[in-house]
Amino acid sequence: QVQLVESGGGLVQAGGSLRLSCAASGGSFSSHTMGWFRQAPGKERDFVSAIRWNSGNTYYADSVKGRFTISRDNGKNTVYLQMNSLKPEDTAVYYCAASKSIILPTTRDRYNYWGQGAQVTVSS
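The following paragraphs examine the structure supplied in this document.

Rules behind the numbers
Residues numbered from 1 in each chain as written. Predicted model: local features only at pLDDT ≥ 70, side-chain atom pairs only at ≥ 80, totals over all residues. Heavy atoms only, no water. Helix = DSSP H or I, 4+ residues; strand = E, 2+ residues; numbered from the N terminus. Buried < 20%, exposed > 50% of the residue type's maximum accessible area, 1.4 Å probe, protein only. Contact = heavy atoms within 4.5 Å. Disulfide = S-S within 2.5 Å. Polar contact = N/O pair within 3.5 Å; in protein donor to acceptor, adjacent residues only side chain to side chain. Pairing = 2+ DSSP bridges. Axes fitted to C-alpha atoms, helices over the stretch in contact; angles between N-to-C directions.

### Some words on the environment of W114
Here comes step 1: Structurally, W114 can be placed in strand β10 (residues 113–114).
Here comes step 2: Take W114: its relative accessible area is 26%, and that puts it in the partly exposed class.
Here comes step 3: Sequence separation between W114 and C96 is 18 residues, and the spatial gap between their C-alpha atoms is 5.9 Å.
Here comes step 4: Residue contacts for W114: discarding those within four places in its chain leaves L4, F37, R45, Y95, C96, A97 and R108.

Below is the structure:
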């Protein structure tokens, strides 16, 4: 079965950096869009970034544009989220997800598979 496993979360000071990884297994994801979402306590799970496996086209939420970079290694079925200039408001559980949607998916309902989440905490 399809499995997505996040890693690389942790505690970092404001202004610092973290790199999240999402390892995908159990199928071919070459026709998928891979996305990152995040959810802070008491808040909705919101779109952060996405990348198309084949083209490499990337998309970002306004809140992280210019600070976060999404990338992928097709051969390793792994997607990354490089997070720079981190702010306390970035604190959340970050989820990796995969979508089969033909159009660009930026909402939770468009994603078919989800990882277990990785905690990212940014201190001030």
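### Considerations on the state of the cysteines
Here comes step 1: Overall, the coordinates contain one disulfide when judged by the stated rule.
Here comes step 2: Here C22 engages in a disulfide with C96; their sulfurs sit 2.0 Å apart. Disulfide C22 to C96: torsion about the S-S bond roughly -80°, handedness left-handed. Residue C22 is found in strand β3 (residues 18–25), and its partner C96 is found in strand β9 (residues 92–99); the two are separated by 74 residues along the sequence. Pair check on accessibility: C22 and C96 agree, each one buried.

### Quick word on the side chain of R67
Here comes step 1: Relative to the helices and strands, R67 resides in the loop between β6 (58–60) and β7 (68–73).
Here comes step 2: In this structure R67 comes out as buried when scored by relative accessible area, which is 10%.
Here comes step 3: Within the structure, R67 has its side chain in polar contact with the backbone oxygen of S63 (distance 2.9 Å).
Here comes step 4: In terms of polar contacts, R67 uses its side chain to reach the backbone carbonyl oxygen of S85, at 3.0 Å.
Here comes step 5: Sequence-distant contacts of R67, defined by excluding residues within four places in its chain, comprise Q82, M83, N84, S85, L86, K87 and D90.

### Points about unusual backbone geometry
Here comes step 1: In this structure, N77 takes a positive phi of about 50° despite not being glycine.
Here comes step 2: Position of N77 relative to the elements: it lies in the loop between β7 and β8 (78–83).
Here comes step 3: For S85, which is not glycine, the phi dihedral falls at a positive 50°.
Here comes step 4: Position of S85 among the secondary structure elements: in the loop between β8 and β9.

### Examining the sheet that holds β3
Here comes step 1: Read from one edge of the open sheet, four strands run β1-β3-β8-β7, paired in antiparallel fashion. Across the chains shown, the open sheet's two edge strands, defined by having one partner strand only, are β1 (3–7) and β7. Strand-to-strand twist of the sheet, defined as the mean angle between neighbouring strand axes without regard to direction, takes the value 15°.
Here comes step 2: By the bridge criterion, six bridges tie β7 to β8 in an arrangement that is antiparallel.

Geometric values such as these leave the question of function open.
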